[in-house]
Amino acid sequence: MELIEQLIARAKASKQRIVLPEGTEERTLKAANQILTDGVADLILLGNPDEIRRLAKEWGLGNIEKATIIDPENHPKQEEYAQLLCELRKKKGMTIEEARKLVLDPLYLGCLIIKSGDADGQLAGARNTTGNVLRPALQIIKTSPGITCVSGAMLLLTHAPECGDNGVLVMGDVAVTPVPDAGQLAQIAVCTARTAKAVAGLTPRVAMLSFSTKGSAKHEVVDKVVEALAMAKEMDPDLLIDGELQADAALVPAVGAGKAPGSPIAGRANVLVVPSLEVGNISYKLVQRLGHATAVGPILQGIARPVNDLSRGCSIDDVYKMIAITANQAIAAKELEAGK
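No experiment lies behind these values; they were computed from the predicted model shown.

Participant: Just give me the short version of the overall build of the chain, but keep the residues and values in it.
Facilitator: Within the chain, the regular secondary structure consists of 13 helices and 11 strands. Taking 2.2 N^0.38 as the reference for a compact globule, 340 residues should give roughly 20 Å; the C-alpha atoms of the chain span a radius of gyration of 21 Å, in line with that estimate. With the C-alpha coordinates of the chain rotated into their principal frame, the extents come out at 65 × 45 × 35 Å. When contacts within the chain are restricted to residue pairs at least 6 apart in sequence, those whose partners lie at least 24 apart make up 73%. Of the roughly 14900 Å² that the chain leaves accessible, carbon and sulfur atoms contribute 51%. Charge-centre separation for the chain: the mean point of 37 positive side chains lies 2 Å from the mean point of 40 negative side chains.

Below is the structure:
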């Protein structure tokens, strides 16, 4: 787990403020206690303070008091955040009365805390659906400049050191957009490359995957991948990217040399962009279950500040890792804004 240790070290070196809206959820609270013990991030817990403290005492979580605890129903910035939400959504007809009700929702409150500059990222989903986590993020924080499509990347730590970077690969989209068009697929490619750099510390080498390699098959879904490749190159001219490539041509040097001679990516890709959510979701689960790879994520991407979604079946360790990943994304987002 060397990569996870690197992620944690980077987070410790540049502490970010991460909001946990599900502040009374057991796995979240136990992971938060360990994060605070290890000094990985500064945490903002949303929930009834008395309940959070009672649960922390019951479960022996002695460091929860190091977190900032905010009661969604009673805090000094309640009206300020309501006014901000009303302003952001006034073109959609939101009234101040509606905004005052919504700021009581921890998922909305967390995003407003980020939007106002009082936090750097958010992690939720142990109790809430993906839709509930994403909705306020898209309404309040919105997408990154030039991006309209939110997607999810999966970090794969495999037992195949000859593939990717010593067995480390990043795959997208595995979580959000079922059938992306060419423009969306191009955005997914660029965002997944950014995630690979921000989270895994990789120099991205992106393969646009298909059942065809360089025209070996003709079909409209292949045409979509070829079009997306051209659009991704326009979006980020410096990105190392190629396609369309079959998976073996993307990962195996000998196969890549035979099927796509002269390609800068073939046989050495570390970022895999799949043509649809169906392909991505099935693929990573097969790699995870049959290849016994560690799959970390999904890591949501395309939002202006990181808002990540947990599986409702997550473990304490999953929450811990995703807090560290969210912190790394926040660091990268700031660096991108600063032009570093």
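Participant: Mind laying out the nonpolar core, listing which residues take part and the relevant values?
Facilitator: Leu43, Leu45, Ile64, Leu155 and Met208 are the most contacted members of the largest nonpolar core, which totals 63 residues. The element best represented in this core is helix α8 (residues 182-200), accounting for 10 residues. Setting aside chain neighbours within four positions, we find Leu155 in contact with Leu3, Val168, Leu169, Val170, Val199, Ala200, Thr294, Ala295, Val296 and Ile299. Grouped together as the second largest cluster of nonpolar side chains are 30 residues, Ala99, Leu109, Val150 and Ile303 included.

Participant: So, the sheet that holds strand β7 (residues 205-209): which residues are in play, and what are the values?
Facilitator: Taken in spatial order, the six strands make up an open sheet running β8-β7-β9-β6-β5-β10, and their pairing is mixed. Because the sheet does not close on itself, it has two edges, and the strands there are β8 (240-245) and β10 (294-301). For this sheet, the mean angle separating the axes of adjacent strands, direction not counted, is 20 degrees. Alignment of β7 against strand β9 (residues 271-273), held across three bridges, turns out to be parallel. Note that in β9 the partner of Val206 across the bridge is Val271.

Participant: Lay out the packing of aromatic side chains with the relevant residues and their values.
Facilitator: Given two aromatic rings, one states the distance between the centres and the angle between the planes to describe the pair. Within this structure, the stated rule accounts for zero aromatic pairs. Stacked on the ring of Trp59, the Lys or Arg Lys30 has its end atom at 5.4 Å from the ring centre.

Participant: Give a detailed account of a nonpolar patch on the surface, specifying residues and quantitative values.
Facilitator: A contiguous nonpolar surface patch, about 320 Å² in accessible area, is contributed by Ile282, Leu286 and Leu290. On the secondary structure map, Leu290 appears in helix α12 (residues 277-290).

Participant: Could you give an account of the pairing of strand β4 (residues 121-124), naming the residues involved and the relevant values?
Facilitator: Residues Gly121 and Leu123 point to one face of β4 and Gln122 and Ala124 to the other, with burial holding for every one of them. Direction of pairing for strand β1 (residues 17-20) relative to β4: parallel, over a ladder of two bridges. Counted as the bridge partner of Ile18 is Gly121 from β4. Relative to strand β11 (residues 307-309), β4 is paired through three bridges, and the arrangement is parallel. Following the sheet pairing, Leu123 is matched in β11 by Asn308.

Participant: Lay out unusual backbone geometry with the relevant residues and their values.
Facilitator: For residues that are not glycine, phi is negative in most cases, and the peptide bond is trans in most cases. Cis geometry marks the peptide bond from Gly172 to Asp173, where omega comes out at -5 degrees. In this structure, Asp173 sits in the loop between β6 (168-172) and α8. A cis amide bond links Gly243 with the next residue in sequence, Glu244, at an omega value of -10 degrees. Along the polypeptide, Glu244 turns up in strand β8. Look at Asn166: it is not a glycine, yet its phi comes out positive at around 55 degrees. Judged by its relative accessible area of 59%, Asn166 falls in the exposed class.

About the thresholds
- Residues numbered from 1 in each chain as written.
- Predicted model: local features only at pLDDT ≥ 70, side-chain atom pairs only at ≥ 80, totals over all residues.
- Heavy atoms only, no water.
- Helix = DSSP H or I, 4+ residues; strand = E, 2+ residues; numbered from the N terminus.
- Rg over C-alpha atoms; globule rule 2.2 N^0.38 Å.
- Contact = heavy atoms within 4.5 Å.
- Areas by Shrake-Rupley, 256 points an atom, 1.4 Å probe, with all protein chains shown as cover.
- Lys, Arg positive; Asp, Glu negative; His and termini not counted.
- Charge placed at Lys NZ, Arg CZ, Asp CG, Glu CD.
- Core = buried A, V, L, I, M, F, W, Y, C linked by side-chain atoms within 4.5 Å.
- Buried < 20%, exposed > 50% of the residue type's maximum accessible area, 1.4 Å probe, protein only.
- Pairing = 2+ DSSP bridges.
- Axes fitted to C-alpha atoms, helices over the stretch in contact; angles between N-to-C directions.
- Phe/Tyr/Trp six-rings, centres within 6.5 Å; stacked < 30°, edge-to-face > 60°.
- Lys NZ or Arg CZ within 6 Å of the ring centre and 35° of its normal.
- Patch = residues over 30% accessible without salt bridge, like charges linked within 9 Å, V, L, I, M, F, W, Y side chains within 5 Å.
- Salt bridge = Lys/Arg side-chain N within 4 Å of Asp/Glu carboxyl O.

So yeah, pure geometry; function would need other evidence.
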